[in-house]
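# Remarks on the overall topology
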Amino acid sequence: MTRVLTVAGAQLGPIARDEPRSQAVGRMVALMEKAHAKGAGFVVFPELALTTFFPRWFITDQAEVDRFFEAIMPNPEVQPLFDAARRLGLGFYLGYAERVREAGRVRHFNTAILVDASGAIVGRYRKVHLPGHAEFDPKRPWQHLEKRYFEPGDLGFPVFRAMGGILGMCICNDRRWPETFRVMGLQGVELVALGYNTPVRNAVARESEHLRMMHNQMSMQAGAYQNGTWVVGVAKAGAEEGVDMMAGSCIVAPTGEIVAQAMTEGDELIVYDCDLDAGRYIKETVFNFAAHRRIEHYGLITSQTGVVPPA
Ligand code: CDT
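What comes next is a walk through the structure. (Residues numbered from 1 in each chain as written. Predicted model: local features only at pLDDT ≥ 70, side-chain atom pairs only at ≥ 80, totals over all residues. Heavy atoms only, no water.)

### Thoughts on the overall build of the protein
Keep this limit in mind: Helix and strand assignments come from DSSP, with helices taken as H or I runs of at least 4 residues and strands as E runs of at least 2, each series counted from the N terminus. Atoms considered for the radius of gyration are the C-alpha atoms alone. The globule rule reads 2.2 Å times the number of residues to the power 0.38. Relative accessible area decides the class of each residue, using a 1.4 Å probe on protein chains only: under 20% of the type maximum gives buried, over 50% gives exposed, and in between gives partly exposed. Positive charges come from Lys and Arg alone, negative charges from Asp and Glu alone, with His and the N- and C-terminal ends not counted. In plain terms, the charge of a residue is placed at NZ if it is Lys, CZ if Arg, CG if Asp and CD if Glu.
For the protein, the helix and strand inventory stands at 9 helices and 14 strands. The C-alpha atoms of the protein give 19 Å as radius of gyration, which agrees with the globular expectation for 311 residues (19 Å, within 12%). If one aligns the C-alpha atoms of the protein with their principal axes, the spans along those axes are about 60 × 55 × 45 Å. Of all 311 residues assigned to the protein, the portion counted as buried reaches 53%. Taking the average place of the 33 positive charges on the side chains of the protein and the average place of its 35 negative ones, the gap between the two points comes to 3 Å.

In structure tokens, the structure reads:
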């Protein structure tokens, strides 16, 4: 019996700074309806899908920053997504800015949730690798202040039995780190959902647009192949508040092949029938972890962060 999950990547075009949640949610529900019409059972939305990518601005007024965050999930403005999930029998991955009171203090995370086809939240992930910087950088044409507005995720890289398979999540910059995929691979992940907001150009160095797209794809393709898992990467794309954001949302097979890819920089759906058993032969042969991994040589990966060259 095959285990086919029809997956839709729901790329979003730009969201303006003053665009109300209701408008973004309306665009997302339209994509869910389209996904349902194409037979999808699971939809992946981008990172911080409900608002513009606000870390591009240095904002000192915390109340203004907090306007980009959700204190409750679901809340009335995003409830239509959960209603659509139940009505259409469609699970989804949603990236958003999470503001939560925990351990007696207010905390801010760059978060993704996994919602099943009944509209229930069945998984939560908080972004571990926060790129950028914490203070205003006058050398940059735009800022990347994730280290200012979020704290690093505290949940690790959990995977969840959902949608008939083993699903994991990560967020944007996480895809560039092999550790992200390997920790989920060690839990038998079959599909990794991820959203991204990536500027087309490097704000601090010369780097061609072609190369940046190659790095985007290469990271996801390597993560997929080396762990025998599907990877679904979905962009918030296009010219957003003066910054060109990379499109190229794609679905990567466990072989590392890109099997579906967005062609525009706007709201666009890509769909593929993902056989959740397609990575099994990879997990049982070349990447049979139990047979081939040599953990006695991997200690530096968890004991050291920076590079220490020999004396
Ligand atoms: N959102 C996010 O993580 N974007 C980063 C841009 C890095 S530039 C500081 C990325 O890795 O795509």
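Past the structure itself, the notes keep going.
### Observations regarding the environment of Leu48
Rules: Contacts between residues were defined by any pair of non-hydrogen atoms, one from each residue, lying within 4.5 Å.
By the element assignment, Leu48 lies in the loop between strand E2 (42–44) and helix H2 (62–66). Residue classification places Leu48 among the buried positions, given a relative accessible area of 2%. Leu48 sits 120 residues away from Gly168 along the chain, and the two C-alpha atoms are 17 Å apart. The residues touching Leu48, leaving out its near neighbours within four places in the chain, are Phe53, Phe54, Pro55, Gly95, Tyr96, Ala97, Asn110, Phe150, Asn197 and Lys236.

### A closer look at the sheet that holds strand E3 (residues 91–102)
Keep this limit in mind: DSSP calls a pair of strands paired once it identifies at least 2 bridges connecting them. As a rule, the C-alpha atoms of each element are fitted with a line to give its axis, helices using only the stretch in contact, and angles between N-to-C directions run from 0 to 180 degrees.
Ordered by their spatial adjacency, 6 strands build an open sheet running E5-E4-E3-E2-E1-E14, and the pairing between neighbours is mixed. For this open sheet the edge positions go to strand E5 (121–126) and strand E14 (268–275), each flanked by a neighbour on one side alone. Each adjacent strand pair in this sheet contributes to an overall mean axis angle of 35°, direction not counted. As paired strands, strand E4 (residues 105–115) and E5 are joined by 5 bridges and run antiparallel to one another. Bridge pairing in E5 links Val115 to Ile121. Sitting on the sheet, helix H1 (residues 21–37) is in contact with strand E1 (4–11), E2, E3 and E14, with an inclination near 40° to E14. Along the sheet face, helix H3 (residues 79–88) touches E3, E4 and E5 and points at about 140° away from the line of E3.

### Digging into the site of the ligand
The criterion, for reference: A molecule or strand has a residue near it when one of that residue's heavy atoms lies within 4 Å. Polar contact criterion, stated in full: a pair of N or O atoms within 3.5 Å, where within protein one must be able to donate a hydrogen and the other to accept it, and residues adjacent in sequence count only if both atoms are side-chain atoms. Using a 1.4 Å probe, accessible areas were evaluated by the Shrake-Rupley method; residue-level cover was limited to the displayed protein chains. For this scheme, ten residues count as nonpolar: Ala, Val, Leu, Ile, Met, Phe, Trp, Tyr, Cys and Pro. Four count as charged, namely Asp, Glu, Lys and Arg, and the remainder, Gly too, count as polar.
Taken together, Glu47, Phe53, Lys127, Pro131, His144, Glu146, Cys172, Asn173, Arg175, Arg176, Asn197 and Thr198 make up the full set of residues adjacent to the ligand. One of the side-chain nitrogen or oxygen atoms of Glu47 is found 2.9 Å away from a nitrogen atom of the ligand. One of the side-chain nitrogen or oxygen atoms of Thr198 is found 2.6 Å away from an oxygen atom of the ligand. About the coverage of the ligand: the protein hides 87% of its 360 Å² of free accessible area. Along the lines of polarity and charge, the residues of the shell around the ligand split into 3 nonpolar, 4 polar and 5 charged.

### Looking at a nonpolar patch on the surface
For clarity, the cut-off: For patches, a residue must show more than 30% relative accessible area and have no salt bridge; joins then use 9 Å for like charges and 5 Å for nonpolar side chains, namely Val, Leu, Ile, Met, Phe, Trp and Tyr. Here a salt bridge means any side-chain nitrogen of Lys or Arg lying within 4 Å of a carboxyl oxygen belonging to Asp or Glu.
Taken together, the side chains of Leu211, Met214 and Met218 make up a nonpolar region of the molecular surface, amounting to roughly 240 Å² of accessible area. Within the fold, Met218 resides in helix H6 (residues 209–227). The exposure class assigned to Met218 is partly exposed, which follows from its relative accessible area of 42%.

### Thoughts on the sheet that holds strand E7 (residues 165–171)
Pairing is mixed across the open sheet formed by 6 strands, whose spatial order is E6-E7-E8-E9-E12-E13. Single-partner strands in this sheet number two, and they are strand E6 (159–162) and strand E13 (258–261). Strand after strand, the sheet turns through a mean of 20° between neighbouring axes, direction not considered. Pairing geometry for strand E9 (residues 230–235) and strand E12 (residues 250–252), over 3 bridges, is antiparallel. By the bridge assignment for E12, Gly233 is matched with Cys250.

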